[in-house]
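# A structural walkthrough
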Amino acid sequence: MIVAFTIDTTYNSMKLTAHDLKQMNKATLARLSPEQLLSISERMLDDLQEAMDRLNQNSNNSSRPPSSTPPWHSNDTNNAADPANHDNADDDMDSVIKHPDKNDDHFLPEDASLDNVPEAPDVTDIQPPEVAPTPPTKSDPIKRVAGKQEGTQGYGRTQALAITETVYHARTHCASCNACLGDYEAQVAWTAFCTIDIAEHIQGNAGITLTNTKHVFFEIKCDCGHHNREEPYAGIPDVTWPKTNLSEWRLVGPRLAAMIVLLSKRHRNSRRLIREFLLNFLRLELSVGTIDQTIREAGRSVAPLEEELIHEIEEAALAYVDETSWKEAGVLRWLWVFRTLTVVFFMVGKRDRTIFCKLLLNSKFKGIVMSDGWVVYREYANRLRCWAHLIRKARGLSESYHTKAADVGLQMLALFTTFQNAIYAARNQPEQPIGMLAKQHENDIESLKALCIASSDSTHDKLRAFARELLGDWDIILRQIHDPSLPLTNNEAERILRHWVIDRRLSNGTRTDEGTRTFTVLASVIETCRIRGAPVWDYLTQVIAAARKGLQLPVLPIMHAG
Ligand SMILES: [Zn+2]
């Protein structure tokens, strides 16, 4: 067993914790020297500014990012539905013990249920740290952690993993008087937890190595009387994520969490299959409940990136848009995909124009929309029609048993094919001025129009509908002939949607707002990384690690050339 001793004092972005503040009052401040007062004032000012920023992010005011008011958050959603997302996450919450500090209101919201409680390190063998000078008392949180398996209804045998590293978290200076507190050896360990993770990949080495890191937290009473305690970071509850809180106190480390997310979202495994995979290939026992919580927590971790993704879409010159049906708690909805050169963004909402309006029609977006012919898209003037849909319809008509419809269909198909080939050929001659190709094919365009006019009162339903569709959207449909550099099809969006259509068939959709948002934000970030040629596992790992410490999230990876 390798044991590394590390001191990490960069846990909290807040300088004073609730534990500190509870001990402070006018009397304790009155006892401080002018220098100490200045020092604590500076820390309080930093914290106040940080708190105000957080308040703005979490309240219902105007500075809230647009993405935090989820457009898919609709009134008809059945919020009372099973909170589990995708498969029936049979949360083994029986086996989850309470946070050792559960009675301390600075750790958890008052209404925190067991769902919000960070998992206990239930597969590891936690012992009070060797350096702890005081033996655990009856109420010692460490002892409660260590003793929790006995008698609890677990999911299987307790897996004891050797500890590969121990990280000590201790304060170096008093939060009140700023006096030096000495290192952890002079302090008392008050709690500890273990995190299982995957070791960072070493270049040239294949395979996966699991690590089991024990985090020990220390406390000490300063000579000034202030009781200093280093705590794992615990995030502020967010009403849009009622079931998920961010915390450093996690059994599953960031890299393992990111792998679980990819096993679910990219490789379409159910929670149960992921459990089986981890057990079979990594010899690691995790409950379905822990796996479900890990995926949700990853969703909440990446959620702030929605704002960045939406901003990039608004700036884009071209957006491919498509939608397909999605089920949330048994209710039919649309799953939308927005794809630009650098971004893929998913949203689930009602089967109407709301999301399209919110993201493109009534936003700062000024680019071109590529879509199929659905009437909702027609409200946006600067758009393109997907030719793949039109050619498919022409081909369908050409194969009709109705002689007249088949004849017209065949002629239309031949014209579309001619245009398509001409457009591809013209792309090799970028110097050709815009409008040139349309001029060259003036007669063909007129022939197509004549066919449409002649068929617009046809007794053949499909022929009549197609002729009217073409005439009704004529100028838009012909845009690519005028400017052959424009894309011809909506394949970019449809291809991406296909993966999630299979996912929907396997999972039968999502069950709650929170489950849906977990799915859309993770899918957006994963697909965006993929089109940018960026290593998605690494990026998700960094985001989860930062979110668990309340730190600024790393920006999305840049686009890789080629
Ligand atoms: Zn002090």
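Residues numbered from 1 in each chain as written. Predicted model: local features only at pLDDT ≥ 70, side-chain atom pairs only at ≥ 80, totals over all residues. Heavy atoms only, no water.

## Description of the overall build of the protein chain
- Tallying secondary structure elements over the protein chain gives 19 helices and ten strands in all.
- Once local pairs closer than 6 in sequence are excluded, the contacts in the protein chain between residues at least 24 apart make up 71%. (Helix = DSSP H or I, 4+ residues; strand = E, 2+ residues; numbered from the N terminus. Contact = heavy atoms within 4.5 Å.)

## So, the side chain of Thr 290
- By secondary structure assignment, the location of Thr 290 is in helix H7 (residues 288-302).
- Here the side chain of Thr 290 touches Ser 287 through a polar contact of 2.9 Å, side chain to side chain. (Polar contact = N/O pair within 3.5 Å; in protein donor to acceptor, adjacent residues only side chain to side chain.)

## Digging into the sheet that holds strand S9 (residues 368-371)
- Read from one edge of the open sheet, five strands run S8-S7-S6-S9-S10, paired in mixed fashion. Edge positions in the open sheet fall to strand S8 (344-349) and strand S10 (383-385), since each of these has one partner strand only. Averaged over all pairs of adjacent strands, the angle between strand axes in this sheet comes to 25 degrees, irrespective of strand direction.
- Where strand S6 (residues 318-328) meets strand S7 (residues 331-339), nine bridges bridge the pair, whose relative direction is antiparallel. (Pairing = 2+ DSSP bridges. Axes fitted to C-alpha atoms, helices over the stretch in contact; angles between N-to-C directions.)

## Thoughts on the environment of Trp 537
- Mapped onto the fold, Trp 537 is located in helix H19 (residues 536-548).
- Linking Trp 537 and Leu 262, residues 275 residues apart in sequence, is a C-alpha distance of 7.5 Å.
- Once residues lying within four places of it in the same chain are set aside, the contact partners of Trp 537 are Ile 198, Ile 208, Arg 255, Ala 258, Met 259 and Leu 262.

## Let's talk about the packing of aromatic side chains
- For the coordinates displayed, the defined rule picks out 19 aromatic pairs.
- Taken together, a centroid distance of 4.7 Å and an interplanar angle of 35 degrees make the contact between Phe 193 and Trp 249 tilted. With Phe 193 in strand S3 (residues 188-198) and Trp 249 in the loop between strand S5 (227-229) and helix H5 (254-265), this pair connects stretches of sequence that are 56 residues apart. Across this residue pair, the class does not change: Phe 193 and Trp 249 are buried.
- With centroids separated by 5.9 Å and ring planes inclined at 35 degrees, the aromatic side chains of Phe 365 and Tyr 380 adopt a geometry described as tilted. Taken together, the positions of Phe 365 in the loop between helix H9 (354-361) and S9 and Tyr 380 in the loop between S9 and S10 put the pair 15 residues apart, joining distant regions of the chain. Both residues of the pair, Phe 365 and Tyr 380, belong to the buried class.
- Within the aromatic cluster, the residues linked to one another by ring pairs are Trp 334, Trp 336, Phe 338, Phe 356, Trp 374 and Tyr 377.
- Of note, Arg 229 hangs over the ring of Trp 190, and the distance from its end group to the ring centre comes to 4.0 Å.
- Seen from the ring of Trp 537, Arg 255 lies directly overhead, with NZ or CZ sitting 5.2 Å from the centre. (Phe/Tyr/Trp six-rings, centres within 6.5 Å; stacked < 30°, edge-to-face > 60°. Buried < 20%, exposed > 50% of the residue type's maximum accessible area, 1.4 Å probe, protein only. Lys NZ or Arg CZ within 6 Å of the ring centre and 35° of its normal.)

## Things to note about the pattern of salt bridges
- Applying the stated criterion to the full structure yields 24 salt bridges.
- Ionic pairing is found between Arg 229 and Glu 219, a salt bridge with its closest N-O pair at 2.9 Å. Remark: Glu 219 occurs in strand S4 (residues 210-221) and Arg 229 occurs in strand S5; sequence separation between them is ten residues.
- Linked through salt bridges whose partners overlap, the residues forming this network are Arg 378, Arg 383, Arg 385, Lys 393, Glu 469 and Asp 473. (Salt bridge = Lys/Arg side-chain N within 4 Å of Asp/Glu carboxyl O.)

## Some details on the coordination of the zinc ion
- Distances from the zinc ion to its protein donors, Cys 174 (SG), Cys 177 (SG), Cys 222 (SG) and Cys 224 (SG), fall at 2.3 to 2.4 Å.
- Geometry at the zinc ion is tetrahedral, judged from the four donor atoms that bind it and their angles of 102 to 113 degrees at the metal.
- Between consecutive donor residues of the zinc ion, the sequence gaps follow C-x2-C-x44-C-x1-C.
- By relative accessible area, which is 9% here, Cys 222 ends up buried.
- By relative accessible area, Cys 224 is classed as partly exposed at 32%. (Donors = N, O, S within 2.8 Å, 3.2 Å for Na, K, Ca; no water. Tetrahedral: all angles 85-135°; square planar, octahedral: opposite > 155°, others 65-115°.)

## Here we look at the confidence of the model for the protein chain
- When pLDDT is averaged along the protein chain, the result is 80; 79% of the residues meet or exceed 70.
- Mean pLDDT per element in the protein chain: helix H4 (residues 141-146) is the minimum at 33, and H5 is the maximum at 97.
- Scored below 50 in pLDDT, residues 1-11 shows 36 contacts in the model against residues more than four places distant or in partner chains.
- Note that residues 58-157 has pLDDT below 50 and, in this model, 212 contacts with residues that lie over four places away or in other chains. (pLDDT = per-residue confidence, 0-100.)

## What about unusual backbone geometry?
- Here the phi dihedral of Arg 268 falls at roughly 55 degrees; this positive angle occurs in a residue that is not glycine.
- Along the polypeptide, Arg 268 turns up in the loop between H5 and helix H6 (271-282).
- Look at Arg 268 and you get partly exposed, because its relative accessible area is 26%.
- Unusually for a residue other than glycine, Asn 508 sits at a positive phi of about 60 degrees.
- Structurally, Asn 508 can be placed in the loop between helix H17 (491-507) and helix H18 (513-531).
- According to the relative accessible area criterion, Asn 508 is exposed, its value standing at 53%.

## Quick word on the pairing of S7
- Of all the nine residues making up S7, seven are buried; the element is thus mostly covered by neighbouring parts of the structure.
- Bridging between S7 and S8 involves six bridges; their strand directions are antiparallel. Note that in S8 the partner of Trp 334 across the bridge is Gly 349.
- In this antiparallel pair of consecutive strands, S7 and S8, the connection spans four residues.

## What about helix H10 (residues 387-398)?
- Under the 1.5 Å per step criterion, the end-to-end length of H10 is 16 Å for twelve residues, consistent within 8% with the ideal 16 Å.
- Burial in H10 covers these residues: Trp 387, Ala 388, Leu 390, Ile 391, Ala 394, Leu 397 and Ser 398.
- Those residues of H10 hidden inside the fold are in contact with S10, helix H11 (403-426), helix H14 (461-472), helix H15 (474-477) and helix H16 (479-482). (Expected span 1.5 Å × (residues − 1).)

## Here we look at the pairing of S9
- Here S9 shows a buried face lined by Ile 368 and Met 370 and a second buried face lined by Val 369 and Ser 371.
- Across three bridges, the pairing between S6 and S9 is parallel. Across the sheet, the residue bridging to Tyr 320 is Met 370, located in S9.
- By the bridge criterion, three bridges tie S9 to S10 in an arrangement that is parallel. Note that in S10 the partner of Ser 371 across the bridge is Arg 385.

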